[in-house]
Amino acid sequence: MTRGGSGSGTSAPESAGLLNPAEGGREVHVSNQSALPIAVHLTSVALFFTAAIALLVTGARPQSEVISSVYGNLANADAEEGALGKTSTEFEQTLSFDSNWYDQSRPVEDIKIDHEALHITERDQGDFTPQAGFEKWRGAPYWMHFTQMPVAFNRAPEELAKEKLVIVGHATERASTPLFMASIHKHGLAAAVSGEGTWWHNIEDKNMGLKAAMMKIPGDPVVIFSDASDSMYTCGPEEILSRFDALGADLVVGTETQCWPPVAEQCVGAGAAALQAGMDAGMEVRSDGEGK
């Protein structure tokens, strides 16, 4: 053996007998132990926990039978040969969409703020003036980049005024929400979508998009406000209104009972609390123009 790197560098033979003064002169034998049992044990433990986690995750994920039966197995549509034998692009080509959308705002190029051209690169976030009717959202990041929230209808305004139900969603690019768009077309649902041509800042964009849509929707229809990118509809306006009337409520708010990914504070048990917090945080959709 060597100490401190000195000596010949020759180590003691394996299993050599050593006298250890700390052991009272008793002879200590050192043998070379195989690492195989330890490796096998650690591998077994790792496989066990991996299997347990996979079982929990698989069990928590929402079932997709309804979606699969109506629109095919989209989970496999991205595969080279999915359940429908098509790629996702080919699958989307089988869907039908509303051919006309009626913009209710100025072109997005006209509402975009060019900071450099206006020499306002150093302006504070709270110094940007929001669209009239959105005074309570002054300071929202959206108003640093746009002067209005764009809204478009899938019906001409005079036709939308006859509708008893209107779907409202927010999407910065309608083409990126094929199931939402295809489902409202398939079931003849009138819709107003905000945000086309803008980009996402935070949840305030959706809330302001709802208000922008409601400020433009004519008449007094029932309004459904939902996600767009991960939502779709499976029935027409008659059935939706019938079920809504049966509830006997003026306002119905839904929360998920099973989320993916499974975030506990947003799922079972705490869903109502999360909804209330969201309402308290700014679901204000009526204004007299003075922010009251």
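Coordinates for the structure precede this section.
Residues numbered from 1 in each chain as written. Predicted model: local features only at pLDDT ≥ 70, side-chain atom pairs only at ≥ 80, totals over all residues. Heavy atoms only, no water.

A. View of the overall build of the chain. Scanning the chain for helices and strands turns up 9 helices and 7 strands. Taking all 292 residues of the chain together, the buried fraction comes to 30%. In the chain, 67% of the contacts between residues at least 6 apart in sequence involve partners at least 24 apart. Accessible area of the chain: about 18,800 Å², with a carbon and sulfur share of 54%. (Helix = DSSP H or I, 4+ residues; strand = E, 2+ residues; numbered from the N terminus. Buried < 20%, exposed > 50% of the residue type's maximum accessible area, 1.4 Å probe, protein only. Contact = heavy atoms within 4.5 Å. Areas by Shrake-Rupley, 256 points an atom, 1.4 Å probe, with all protein chains shown as cover.)

B. Representation of the sheet that holds strand β3 (residues 102-103) within the structure. Judged by pairing direction, the sheet is mixed, and its 5 strands sit side by side in the order β3-β4-β6-β5-β7 without closing on themselves. Every other strand in the sheet has two partners, leaving β3 and β7 (222-225) as the edge strands with one partner each. Examined bridge by bridge, β3 and strand β4 (residues 151-153) share 2 bridges and lie antiparallel to one another. When the bridges of β4 are listed, D103 appears paired with A152. Across the face of the sheet, helix α7 (residues 203-216) comes into contact with β4, β5 (165-170), β6 (190-194) and β7 while running at roughly 145 degrees to β5. (Pairing = 2+ DSSP bridges. Axes fitted to C-alpha atoms, helices over the stretch in contact; angles between N-to-C directions.)

All we've got here are geometric facts, nothing functional implied.
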